[in-house]
Amino acid sequence: MTAPFFLAADDAQRAAQDWYDWLAKEKRYSAHTLRAYGQDIAAYFTFLAEHLGGPAGLADLNTLRQADFRAYLNRRRQQGLSGTSLARALSALRGFHKRLNRDGLCDNAAISLLRTPKRPHSLPKPLAMQAALDVIDQAEAARDEPWQQARDAAILLLLYGAGLRLGEALGLHGRDKPKGDSLTVTGKGNKQRILPILPVVRAAIDDYAKLCPYAITAEGPLFFGARGKRLNPAIVQKAMRDARRALMLPETATPHALRHSFATHLLADGGDLRTIQELLGHASLSTTQRYTDVDAESLLRVYANAHPRNAAA
């Protein structure tokens, strides 16, 4: 896999490509993360070519000051990057320079002095339990073909009933079809996790498999589109969009909101954070802890609406 580092000098190009290959082969980063990191470092070299008046080599990287790194991040901010994307761009930059330092190619301590841009504190936006069930029923009913009805129901139930990401559900192969009470899923960074599967979810997948007009093979996709190829995420996103409009749900009612709903409803029912972290495939517990904020927010809302002293006020 080749990344677009062509605006760097030859020695920096080779070092950047070695780092990129290491992320792909050794660290096993996902294609999405690789693409984002590659674009970040390509943007870094594009900025340096203009900033320094020519393609940057390893010697140039060694002389960069804190002000130069800040100027790069400011340029990305001017290009419209959000706080979250800026934090990712800095993470890519730090990782690249850390690799250069480890390989003895560049030792620039200035980058370690940069502060990570603040990320906006946004809470997950889950659906209410009944709304989550209604949107699945609505999306299923909107299809004319019975096999597509069964397919959409199975996919959305995987998101809500097992907490899968949409990409994880659509990335399943025929061999992954659950035969018992568990499902093996490959998540971010090609990390696998084993999830318990509710009988209703397994039954929905079985119903779809019986009706599917295409042969489900071990190496082929589990979920097919109308033309016999692996189902495109845009089809599921559109089905969810149509369902939320029919039910007059907010714009935040997306396929990913079903995964948020899975976690939030488990937590509200007494699930512990560590277990939910494992089910969701989060690398960090702090990511899962966002759901405690959601749960606390809903408790405060119930308290404000129901407490007799508040009602009297």
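All of these numbers come straight from a predicted model, not from anything done at the bench.

Cut-offs used in this document
- Residues numbered from 1 in each chain as written.
- Predicted model: local features only at pLDDT ≥ 70, side-chain atom pairs only at ≥ 80, totals over all residues.
- Heavy atoms only, no water.
- Helix = DSSP H or I, 4+ residues; strand = E, 2+ residues; numbered from the N terminus.
- Buried < 20%, exposed > 50% of the residue type's maximum accessible area, 1.4 Å probe, protein only.
- Contact = heavy atoms within 4.5 Å.
- Areas by Shrake-Rupley, 256 points an atom, 1.4 Å probe, with all protein chains shown as cover.
- Core = buried A, V, L, I, M, F, W, Y, C linked by side-chain atoms within 4.5 Å.
- Phe/Tyr/Trp six-rings, centres within 6.5 Å; stacked < 30°, edge-to-face > 60°.
- Lys NZ or Arg CZ within 6 Å of the ring centre and 35° of its normal.
- Expected span 1.5 Å × (residues − 1).
- Salt bridge = Lys/Arg side-chain N within 4 Å of Asp/Glu carboxyl O.
- Axes fitted to C-alpha atoms, helices over the stretch in contact; angles between N-to-C directions.
- Left-handed = near helix turned anticlockwise from the far one by under 90°.
- Parallel < 35°, antiparallel > 145°, perpendicular 65-115°, else oblique.
- Pairing = 2+ DSSP bridges.

**Student:** Explain the overall build of the protein chain here, please?
**Tutor:** Helix and strand counts for the protein chain stand at 15 helices and two strands. With 313 residues in all, the protein chain has 42% of them scored as buried. A separation of at least 24 residues holds for 62% of the contacts in the protein chain among residues at least 6 apart in sequence. With the model as given, the accessible surface of the protein chain reaches about 17,000 Å², and the carbon-plus-sulfur share is 51%.

**Student:** I'm lost on the nonpolar core in this one. Help?
**Tutor:** Proteins that are soluble and globular tend to have nonpolar side chains buried together. Counting residues in each nonpolar core, the largest one holds 45 residues, and the members touching the most others are Leu 158, Leu 164, Tyr 208, Phe 223 and Leu 258. Every element with two or more residues in this core is listed here: helix 6 (129-141), helix 7 (146-162), helix 8 (166-170), strand 1 (182-186), helix 9 (199-211), helix 10 (233-246), helix 11 (255-268) and helix 12 (273-280). If one sorts the elements of this core by residue count, helix 7 sits on top with ten residues. If sequence neighbours within four positions are ignored, Phe 223 has contacts with Arg 151, Ala 154, Ile 155, Leu 158, Ala 169, Leu 170, Leu 172, Tyr 208, Lys 229, Arg 230 and Leu 231. Membership of the second largest hydrophobic core comes to 33 residues, among which are Ala 12, Ile 41, Tyr 44 and Leu 48.

**Student:** When you look at the side chain of Arg 99 in this model, what are you seeing that I'm missing?
**Tutor:** Residue placement: Arg 99 occurs in helix 5 (residues 83-102). Each residue touching Arg 99, except ones within four places of it in the same chain, is listed here: Trp 19 and Trp 22.

**Student:** Would you mind going over the packing of aromatic side chains with me for this structure?
**Tutor:** For the structure shown, the criterion picks out eleven aromatic pairs. Where Tyr 29 meets Tyr 37, the ring centres are 5.9 Å apart and the plane angle is 80°; that geometry is what we call edge-to-face. A residue is classified by how much of its surface remains accessible, and Tyr 29, at 26% relative accessible area, is partly exposed. On the accessibility criterion, Tyr 37 (13% relative accessible area) is buried. Above the plane of the ring of Trp 147 lies Arg 151, whose end atom (NZ or CZ) is 5.4 Å from the centre.

**Student:** Please explain the environment of Tyr 20 as it appears in this structure.
**Tutor:** Here Tyr 20 lies in helix 1 (residues 10-25). The spacing of Tyr 20 and Tyr 37 is 17 residues in sequence and 8.3 Å in space, taken between C-alpha atoms.

**Student:** In this structure, what is going on with helix 7? I would like to understand it.
**Tutor:** Every α-helical turn comprises 3.6 residues, leaving residues that sit three or four positions apart pointing alike. Taking 1.5 Å of rise per residue, 17 residues should cover 24 Å, and helix 7 covers 23 Å from first to last C-alpha, within 8% of that figure. Gly 163 lies just past helix 7 and shows a positive phi near 75°.

**Student:** Honestly, the pattern of salt bridges in this entry has me stumped. Any pointers?
**Tutor:** Opposite charge on two side chains lets them pair, provided their charged atoms get close. The final tally for this structure, using the stated rule, is 13 salt bridges. Between Glu 168 and Arg 165 there is a salt bridge, and its shortest N-O distance comes to 2.4 Å. No difference in accessibility class separates Glu 168 from Arg 165, as the two residues are buried.

**Student:** I'm lost on the packing of helix 4 (residues 66-78) against helix 5 in this one. Help?
**Tutor:** For any two helices packed against each other, the geometry comes down to the angle between their axes and how far apart the axes lie. Contact pair helix 4 / helix 5: the axes reach a minimum separation of 10 Å and the direction vectors enclose 145°. Note that helix 4 runs across helix 5; the crossing there is right-handed. Across from Phe 69, Tyr 72, Leu 73, Arg 76 and Arg 77 in helix 4, the residues of helix 5 making contact are Leu 86, Ala 89, Leu 90, Leu 93 and His 97.

**Student:** Please clarify how the packing of helix 6 against helix 7 should be interpreted in this entry.
**Tutor:** At their nearest, the axes of helix 6 and helix 7 sit 8 Å apart, and the two run at 160° to each other. In terms of orientation, helix 6 and helix 7 fall into the roughly antiparallel class. Helix 6 and helix 7 meet at a crossing whose hand is right-handed. Facing helix 6, whose interface residues are Met 129, Ala 132, Leu 133, Val 135, Ile 136, Ala 139, Glu 140 and Ala 141, helix 7 presents Gln 149, Asp 152, Ala 153, Leu 156, Leu 157 and Tyr 160.

**Student:** Is there a simple way to think about the pairing of strand 2 (residues 192-196) in this case?
**Tutor:** Walk down a regular strand and you will see the side chains alternate between the two sheet faces. Residues of strand 2 alternate between two faces, with Arg 193 and Leu 195 buried on one and Gln 192, Ile 194 and Pro 196 left unburied on the opposite face. Across five bridges, the pairing between strand 1 and strand 2 is antiparallel. Across the sheet, Thr 184 pairs through a bridge with Ile 194, a residue of strand 2. Joining the antiparallel neighbours strand 1 and strand 2 is a turn of five residues, in which Gly 189 adopts a positive phi near 70°.

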